[in-house]
Amino acid sequence: MRSFTYNKADDVAAAVQEVSANQEAKFIAGGTNLLDLMKIDVMKPRHLIDITHLALKTIEETEDGGLRLGALATNADTAYNEQVEKRYPLLSHAILAGATGQLRNMATDGGNLLQRTRCYYFYDTDTPCNKREPGSGCSAIKGYNRDLAILGTSEYCIATHPSDMAVALAALEAKIRVTGPDGDRVIPIAEFHRLPGDTPHIDSNLQPNEIITAIDLPAKGFANHYTYMKLRDRASYAFALVSVAAALEMDGDTIKEARIALGGVAHKPWRLPAAEAMLSDQKATKENFRMVAEAYLEGAKGYGHNDFKIELAKRAVVRALQQALEMEVKS
Amino acid sequence: MIGNQTGKPVNRVDGRLKVTGGAKYAAEFTAPNMAYGFVVNSKIAKGKIKSIDTSKALALDGVLEVFTHENRPGYVWGDKNYQDKDSPPGSPFRPLYDNEVQFSMQPIALVVAETYELARYGAILVEVEYENYSFDTDFEKNIKQAYIPEKYKSSKPPEPWGNPDEALANAAVKIEAEYSHPSEHHNPIEMHASLAIWEEGGKLTVYDKIQGVQNSQQYIANAFGMQQEDVHVISPFVGGAFGSGLRPQYQLFLAVLAARELKRPVKVVLTRQQMFSFGHRPKTVQKFALGADTDGKLKAVQHDAFGETSKFEDYSENVVIWPGVLYNCDNVKVSHKLVALDVYTPLDMRAPGGTTGIYGLECAIDELAYKAGVDPLEFRKMNYSEKDQNEGKPFSSKELRECYRQGAEKFGWEKRSLEPRSMKEGHNLIGWGFAQGAWEATQKQAAAKAVLTTDGKLTVSCATADIGTGTYTVMSQIAAETVGLPLEDVTFKLGDSSLPKSPLQGGSWTVSSVGSAVKLVCDKVREKLLQLAQQVANSPLANATLDDVNIEDGKISLKNDPAKAVTIKEALVQSQGKSIEENVSSEPVEGQQKYSPYAHSATFVEVKVDEDLGTVKVTRVVSAIAGGRIINPKTARSQILGGVVWGIGAAMEEETVMDNNLGRFMNHDLDKYHVPVNADVHDIEVIFVEEKDDHVNPLGAKGLGEIGIVSVAPAIANAIFHATGKRVRELPITLDKLL
């Protein structure tokens, strides 16, 4: 492991200042991904800024009736937060579908958004990978790609974003609050992560000198009809082959609003509001669900080992919507 | 021998040490002034190292040395010096021998530094230039070049009997099928590690992760031109091995090399990723052609296996012996060819050949039973083998029918309908599958020593290993029972090369071999005890023979008058302060060669398969085992549970995936290489049927380390067929194969 220097930041302003002053600095919070990547020499920060002591751990209601998750609230504290469980059970379920109890106790909400892909080649420094080493080539496209993306890929990278939490946040239209040298700004979750394009080494639109301070959930939580369905190669502790965050707002047997986000299929949570809108004011039938599923997977491209994900994702969308529809509405 | 110690579900005698951290594993030992080595592995699969620049690593303050093929000392390098007790025929891999790269992730340098992190950092800084050669890692592409090895590591496939071609041609019901089993890595939780301590005078003490300390001892002595007695290998605990510790691994060689050169202790621990850089279960393709008559009587078996090996050693395992062991058939023809690839040599992994061969055979038989329209369990009963047809010998015992009966009853098999897709529950198709299995119950030569001190404490020892199987416990039980002492007065020592000679811990032969030696040496202690008891003044046992007495609960008493007794402590007073000390070497029992010794299993499985999504849940497993006398039902059950869980993994999750562009296994960590987690494991019922065996060994016990896994994956695959009507002939059965 390469040596690095370390400093504990006292407040957000100091943290931003410190990271702005040093291009080779990285924030560290739970460290559940960064430390692993440092050990295998995939990430090589020369300086770590420990932000675990910043006052960003609270979960509280916002003025507009939503909920603000502090960036440093742990995944466990978030998933089991009473408000989250009651008003945003989709998020709670998504978080609990990921990692393990031990990891969720350490991992923070902000860090969860910034975790790196789990592509085999990204993790092996003896293989070419454009995300790890721009210009070296993508080994996955013609190599082993079972876990990798089928949507929004590029000739440079077919990595997926591994987060479950982010998929639920996409369906819920969360907003990411960040602070940089020029002050605060808000990034809608849909614009937070990027597609790989020709710059796959850049995962998100967060600038290197910015820090996530909170994740805002809008008032609408779809607590009556939701499902987080995660399909994977074993029943726990595996990343999604395909996951679906599905949420419905019903008026009798008519859909008022549908939200669908897919995980495990792209470089970011995959959400198509235009396709969702096809379900608005429609009956909640399997045919309509299949129609929207087809729309979601339009243009999907397999790379051999992951071809199956296209059909699997369609079926998962249908099943997730059915489950969301049929769930017992808690009064 | 129905004893007062064996047969009891006693807790592991080392359990407390393990759960309190008191049990030390190889990587946990330290020594004063110890340095750390970190291995640099090859990036390419085949070629030459054109240059290796270690200057940047060496420039780091605290890096002591970087060993490569360029500066390694000149030792003896003959093949023979690198062969160990589990080597296949061929030329063993010799770390840092020359600039040739034979497989991806080959160790090519060792960075030694004052701290582990520094060594790991130094390893990053080693710069290597390669000359790439083309390589063969694609099994399917190379299967055309499969060959019959000059010499099999395993037993030579049996010669054909009957007229298999003709019988097959004439069979009323026929199937042909090809089954594929992927490469798998052992993935014990404990990583391979060695600490080599160089001592003045050139002696070595080595802490090693190994399934046989004397194998490491011999290997080091041969490779470094040392006297065996100058090498002391210690390995008191092993955190799982499953065969990966049968052969000394390269970290041992490198640690010893560095310790000798630097004249200080050196520890080398492999990373999880590096655990994928050596032996593995070979990818194996099996072709079957089976024939039966319309009633379901097996008429012909043709079983051809193609197993992966390396380009430098001919690894083979017993893949094709199973038709002759498990079925009664008059016309059988089998073959086993090797497919040599540019990979490290495969290595025995839990039930090598059995896991693979029985998977293929039991699925193919299920296909044939279906084609004949016969219930799969009925089919097995109709074609039950009363003798081992490969060897032409009767079994030493075989209560497999009782496994069928008890297993079927517990599982509720009689309620099964033959028709696939006949049970449904919501989105789930339900399937019930069956498979049977066998595994050798061999006895090897083993030695043991017993020391009974005057305070009545018994220490028995043998250089075997406890790889988590419960060796410490069952040996203590056998010794305590034989000498008539409470379990807490008995200590069993293992994992030290200076102890009496032991075979490798593997092959399910430890209880049989070491247990028999322990029994034998303790029998000698009994004799001595009786002699001493007879010297007690007015001894009531004065005229008794060993047959006349019971020795239990710390007393030697007359069988026909138990009140007449001498306590062991009283007897020991007669030894005038001297311990009783006995040594034995135990050989396989006389007449054993007349029989074929196997343990047997019958596995019943229920799966639920989501019809739309392809997800499979193994909801119930009943595993009925005929394993001879069970010394400890608790540790025995754990062995079978472990086998079943691994069977679930093998059926649905495990596969090391080769990237043929890079010639490299790519899912080399526990994130990408899936083994079952708790959530994958549901109801498992283990049944041990009563099985008396007077031939297998003096204990009447068969090993249980491997019989638990062999029939699980095929039973799951057969259950998935019953659920879905779809025959997936390639493991693992991941959800995409069922969409």
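Residues numbered from 1 in each chain as written. Chains lettered and ligands numbered in written order. Predicted model: local features only at pLDDT ≥ 70, side-chain atom pairs only at ≥ 80, totals over all residues. Heavy atoms only, no water.

**Considering the sheet that holds strand β4 (residues 59-61) of chain A**
Residue and element names in this part refer to chain A.
In step 1: The five strands lie next to each other as β4-β5-β8-β6-β7, forming an open sheet whose pairing is antiparallel. Both outer strands of the open sheet, β4 and β7 (183-188), are each paired with one neighbouring strand and no more. Taking each pair of neighbouring strands and ignoring which way they run, the sheet shows an average axis angle of 25°.
In step 2: Here four bridges tie strand β5 (residues 67-70) to strand β8 (residues 211-217), and the two strands are oriented antiparallel to one another. The residue of β8 that forms the bridge with Leu69 is Ile215. (Pairing = 2+ DSSP bridges. Helix = DSSP H or I, 4+ residues; strand = E, 2+ residues; numbered from the N terminus. Axes fitted to C-alpha atoms, helices over the stretch in contact; angles between N-to-C directions.)

**Quick look at the pairing of strand β3 (residues 47-50) of chain A**
Residues and elements named next belong to chain A.
In step 1: On β3, burial covers both faces: His47 and Ile49 on one face and Leu48 and Asp50 on the other are all buried.
In step 2: Sheet topology places strand β1 (residues 5-8) next to β3; four bridges connect them, and they run parallel. Counted as the bridge partner of Tyr6 is Leu48 from β3. (Buried < 20%, exposed > 50% of the residue type's maximum accessible area, 1.4 Å probe, protein only.)

**Focus: the pairing of strand β13 (residues 298-310) of chain B**
Residue and element names in this part refer to chain B.
In step 1: Burial analysis of β13 places 12 of its 13 residues in the buried class, which makes it a mostly covered element.
In step 2: Bridging between strand β12 (residues 284-292) and β13 involves nine bridges; their strand directions are antiparallel. What sits directly across from Gly291, in β13, is Ala300.
In step 3: Taking the residues between adjacent antiparallel strands as the criterion, β12 and β13 are bridged by five residues, where Gly296 takes a positive phi near 100°.
In step 4: Alignment of β13 against strand β14 (residues 332-341), held across 10 bridges, turns out to be parallel. Its bridge partner lying in β14, Val301 is registered against Val332.

**A few points about helix α6 (residues 213-224) of chain B**
All names here are of chain B.
In step 1: The first and last C-alpha atoms of α6 sit 16 Å apart over 12 residues, in line with the 16 Å expected at 1.5 Å per residue.
In step 2: Summarising burial for α6: 10 of the 12 residues are buried, a large majority.
In step 3: Within α6, the full set of buried residues consists of Val213, Gln214, Asn215, Ser216, Gln217, Tyr219, Ile220, Ala221, Ala223 and Phe224.
In step 4: Against the buried residues of α6 lie β9 (203-208), β10 (231-234) and α7 (250-262).
In step 5: Gly225, located one to two residues past α6, shows a positive phi value of around 60°. (Expected span 1.5 Å × (residues − 1). Contact = heavy atoms within 4.5 Å.)

**Notes on α7 of chain B**
All names here are of chain B.
In step 1: Between the first and last C-alpha of α7 there are 18 Å, a value that for 13 residues agrees with the 18 Å anticipated at 1.5 Å per step.
In step 2: Of all 13 residues that make up α7, 11 are buried, and the element is covered over most of its length.
In step 3: All of the buried residues along α7 are Tyr250, Gln251, Leu252, Phe253, Leu254, Ala255, Val256, Leu257, Ala258, Ala259 and Arg260.
In step 4: Phi turns positive one or two residues past the end of α7, at Lys263, with a value near 55°.

**Notes on the packing of helix α5 (residues 89-96) of chain A against helix α8 (residues 165-172) of chain A**
All names here are of chain A.
In step 1: Contact geometry of α5 with α8 gives a least axis separation of 8 Å together with a crossing angle of 165°. Classified by the angle between their axes, α5 and α8 sit roughly antiparallel to one another. Between α5 and α8 lies a crossing of right-handed hand. On α8, the residues that touch Leu90, Leu91, Ala94 and Ile95 of α5 are Met165, Ala168, Leu169, Ala171 and Leu172. (Parallel < 35°, antiparallel > 145°, perpendicular 65-115°, else oblique. Left-handed = near helix turned anticlockwise from the far one by under 90°.)

**Details of the packing of aromatic side chains**
Residues and elements named next belong to chain B.
In step 1: On inspection of all chains with the given rule, the structure shows 35 aromatic pairs over all chains.
In step 2: Between Tyr384 and Tyr404, the aromatic rings sit 5.9 Å apart at their centres with planes inclined by 80°, giving edge-to-face as the arrangement. Taken together, the positions of Tyr384 in the loop between α10 (376-382) and β15 (387-388) and Tyr404 in helix α11 (residues 400-411) put the pair 20 residues apart, joining distant regions of the chain. For the residue pair Tyr384 and Tyr404, the accessibility class agrees, reading buried in each case.
In step 3: An aromatic cluster is built from Tyr384, Tyr404, Phe411, Trp413, Trp432, Phe434 and Phe604, whose rings are joined through pairwise contacts.
In step 4: We note Lys398 situated over the ring of Tyr384; from NZ or CZ to the ring centre the distance is 4.0 Å. (Phe/Tyr/Trp six-rings, centres within 6.5 Å; stacked < 30°, edge-to-face > 60°. Lys NZ or Arg CZ within 6 Å of the ring centre and 35° of its normal.)

**So, the interface of chain B and chain A**
In step 1: Contacts between the two partners involve 36 residues from chain B and, on the opposite side, 35 residues from chain A.
In step 2: Surface buried jointly by chain B and chain A totals about 3,100 Å² across both partners, of which 58% is contributed by carbon and sulfur atoms.
In step 3: Per-residue buried area on chain B facing chain A is highest for Leu613, Met666 and Lys672 of chain B; these three make up 18% of the total on that side.
In step 4: With a closest N to O distance of 3.2 Å, Asp147 of chain A and Lys672 of chain B form a salt bridge.
In step 5: Per-element accounting of the side of chain B that touches chain A gives the leading share, four residues, to helix α3 (residues 116-125) of chain B.
In step 6: Residues that form the side of chain B that touches chain A fall into these classes: 13 nonpolar, 10 polar and 13 charged. (Buried area = accessible area lost by both parts, 1.4 Å probe. Salt bridge = Lys/Arg side-chain N within 4 Å of Asp/Glu carboxyl O. Nonpolar A, V, L, I, M, F, W, Y, C, P; charged D, E, K, R; others polar.)

**Concerning the side chain of Thr284 of chain B**
In step 1: Looking at the element boundaries, Thr284 of chain B is found in strand β12.
In step 2: Here Pro282 of chain B takes part through its backbone oxygen, which lies 3.1 Å from a polar atom of the side chain of Thr284 of chain B. (Polar contact = N/O pair within 3.5 Å; in protein donor to acceptor, adjacent residues only side chain to side chain.)

**Considering the nonpolar core**
Residue and element names in this part refer to chain B.
In step 1: Among the nonpolar cores identified, the biggest contains 75 residues, and Trp322, Val607 and Ile716 are the most heavily contacted of them.
In step 2: In terms of residue count, helix α9 (residues 354-372) provides more of this core than any other element does, nine residues in total.
In step 3: Once you skip the residues sitting within four places of it in the chain, Ile716 turns out to touch Val605, Val607, Val618, Gly647, Ile648, Ala651 and Met652.
In step 4: If you look at the next biggest cluster of nonpolar residues, it comprises 48 residues, including Met475, Phe492, Leu494 and Val514. (Core = buried A, V, L, I, M, F, W, Y, C linked by side-chain atoms within 4.5 Å.)

**Quick notes on the pattern of salt bridges**
When the charged atoms of two side chains with opposite charge come close together, those side chains can pair.
In step 1: The final tally for this structure, using the stated rule, is 69 salt bridges over all chains.
In step 2: For Glu386 of chain B, the salt bridge is made with Arg401 of chain B, and the minimal N-O distance between the two is 2.9 Å. Separated by 15 residues along the polypeptide, Glu386 of chain B in the loop between α10 and β15 and Arg401 of chain B in helix α11 bring together distant segments of the chain.
In step 3: Arg401 of chain B sits in the partly exposed class, given a relative accessible area of 43%.
In step 4: Across the pair Lys672 of chain B and Asp671 of chain B runs a salt bridge whose closest N-O atoms are separated by 3.9 Å.
In step 5: Beyond isolated ion pairs, a larger network of salt bridges with shared partners links Glu173, Lys220, Glu249, Lys256, Glu257, Arg259, Arg271 and Glu276 of chain A.

**Considerations on the domain arrangement of chain A**
In step 1: Partitioning chain A into structural domains gives domain 1 (5-50) and domain 2 (226-325).
In step 2: Taking only C-alpha atoms into account, the centre of domain 1 of chain A sits 36 Å from that of domain 2 of chain A. (Domains from an automatic or database assignment.)

**Focus on the sheet that holds strand β2 (residues 25-28) of chain A**
Residue and element names in this part refer to chain A.
In step 1: A sheet is described by the order of its strands in space; here three strands give the open sequence β1-β3-β2, paired in parallel fashion. What marks the edges here is a single partner per strand, and that holds for β1 and β2. When the angles between neighbouring strand axes are averaged without regard to direction, this sheet yields 25°.

**Here we look at unusual backbone geometry**
Residues and elements named next belong to chain B.
In step 1: Residue Pro732 is reached from Leu731 by a cis peptide bond, and omega for that bond is -10°.
In step 2: Among the structural elements, Pro732 can be located in the segment after α17 (712-724).
In step 3: With phi around 55°, Ala351 is a residue other than glycine that occupies positive phi space.
In step 4: Its place among the elements puts Ala351 in the loop between β14 and α9.

**Side note on the packing of helix α12 (residues 471-483) of chain B against helix α13 (residues 510-535) of chain B**
All names here are of chain B.
In step 1: Viewed as axis vectors pointing N to C, α12 and α13 meet at an angle of 30°, and their least axial separation amounts to 8 Å. Relative to α13, α12 is oriented roughly parallel. The element α12 and its partner α13 pack so that their crossing is right-handed. Where α12 approaches α13, its residues Thr471, Val474, Met475, Ile478, Ala479, Thr482 and Val483 are matched on the opposing element by Thr510, Val511, Val514, Gly515, Val518, Lys519, Cys522, Asp523, Val525, Arg526 and Leu529.
In step 2: Considering only residue class, the contact of α12 with α13 consists of 11 nonpolar, four polar and three charged.

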